[in-house]
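Letter by letter, the chains look like this.
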Amino acid sequence: FFELATAIAFLHFQHHRVDFTILEVGLGGRLDSTNVCTPLVSVITSISYDHMRQLGSTLTEIAAEKAGIIKPGVPLVTGVTQDEPWSVIERIACERGAPVAKLGREFSVAYHPPCSADARALPLMGYHRRRGQQVETVASRVAISALGAHQAANAALAWATCDVLGTQGFDVPERAIRDGLASSRCPARIEVSRHNPAV
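Residues numbered from 1 in each chain as written. Predicted model: local features only at pLDDT ≥ 70, side-chain atom pairs only at ≥ 80, totals over all residues. Heavy atoms only, no water.

Focus: the packing of helix 3 (residues 59-66) against helix 4 (residues 83-95)
To describe two helices that pack against each other, one gives the angle between their axes and the distance between the axes.
Right, on to step 1. As a packed pair, helix 3 and helix 4 sit with axes 8 Å apart at the nearest point and diverge in direction by 35°. Like other packed secondary-structure pairs, helix 3 and helix 4 cross with a definite hand, here right-handed. Facing Leu59, Thr60, Ala63 and Ala64 of helix 3, the residues of helix 4 in contact are Glu84, Pro85, Val88 and Ile92.
Right, on to step 2. In the contact of helix 3 with helix 4, the residues fall into six nonpolar, one polar and one charged. (Axes fitted to C-alpha atoms, helices over the stretch in contact; angles between N-to-C directions. Helix = DSSP H or I, 4+ residues; strand = E, 2+ residues; numbered from the N terminus. Left-handed = near helix turned anticlockwise from the far one by under 90°. Contact = heavy atoms within 4.5 Å. Nonpolar A, V, L, I, M, F, W, Y, C, P; charged D, E, K, R; others polar.)

Some details on the sheet that holds strand 4 (residues 107-112)
Right, on to step 1. Taken together, three strands build an open sheet; the order of strands is 4-5-6 and the sheet is antiparallel. The sheet is open, and its two edges are formed by strand 4 and strand 6 (134-143), each paired on a single side. Neighbour to neighbour, the strand axes of the sheet diverge by 20° on average, direction disregarded.
Right, on to step 2. Judged from the six bridges that link them, strand 4 and strand 5 (residues 124-131) form a sheet pairing that is antiparallel. Bridging across to strand 5, tyrosine 111 finds its partner in methionine 125.
Right, on to step 3. Against the sheet, helix 5 (residues 149-167) engages strand 4, strand 5 and strand 6, with an angle of about 45° to strand 5.
Right, on to step 4. Sheet strands in contact with helix 6 (residues 174-183) are strand 5 and strand 6, and its direction is about 50° off that of strand 6. (Pairing = 2+ DSSP bridges.)

Some thoughts on the sheet that holds strand 3 (residues 100-102)
Right, on to step 1. One open sheet accounts for three strands, arranged 1-2-3; its pairing is parallel. Looking at strand neighbours, the two that pair on one side only are strand 1 (42-44) and strand 3, the edges of this open sheet. Direction aside, the axes of adjacent strands within the sheet are offset by 15° on average.
Right, on to step 2. Across the sheet, helix 4 touches strand 1, strand 2 (76-78) and strand 3, and the angle it forms with strand 3 is around 160°.
Right, on to step 3. Each of strand 1 and strand 2 is contacted by helix 5, which is oriented at about 165° to strand 2, the strand it contacts most.

As structure tokens, then:
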């Protein structure tokens, strides 16, 4: 099913002549049907114990499968920070000559949960970039629509991906990034549906 759906999606994107496509893998990377493309940038958000029957029983094995999306010379943005999977990703990226932007190294995020009783209050994040020894605050109070520190990390990955695209001549305006982070919706993912009582 997934292979057919992926092929249909590729045809659909081609038919509509889309400018950009964001492809999310199904199970993992190496043998995933989405892995037939050569992307402008690859992203590995995190590594955890998922799809273990197909990907392996250790974080090292799972990371090796997920790192299968890393292409020669294609930049990688990652939020993987645990030592065990990171060492696998770093090795494969190095072997393939893929430059890496890593959360906590080339860029970082600060999460500020909403502290207001106002049901419409959004969490805020700060996004920081490292240039050599200098840390640059790109944005200090960016509204994000999804709750949770992990969603702020995902937002930082998205911003870092836009930064990489910018180095390739695809300028994504900061206003567009801010608007996208504030307006995206993830229904039922730590979604507040009611206050008093909180649901």
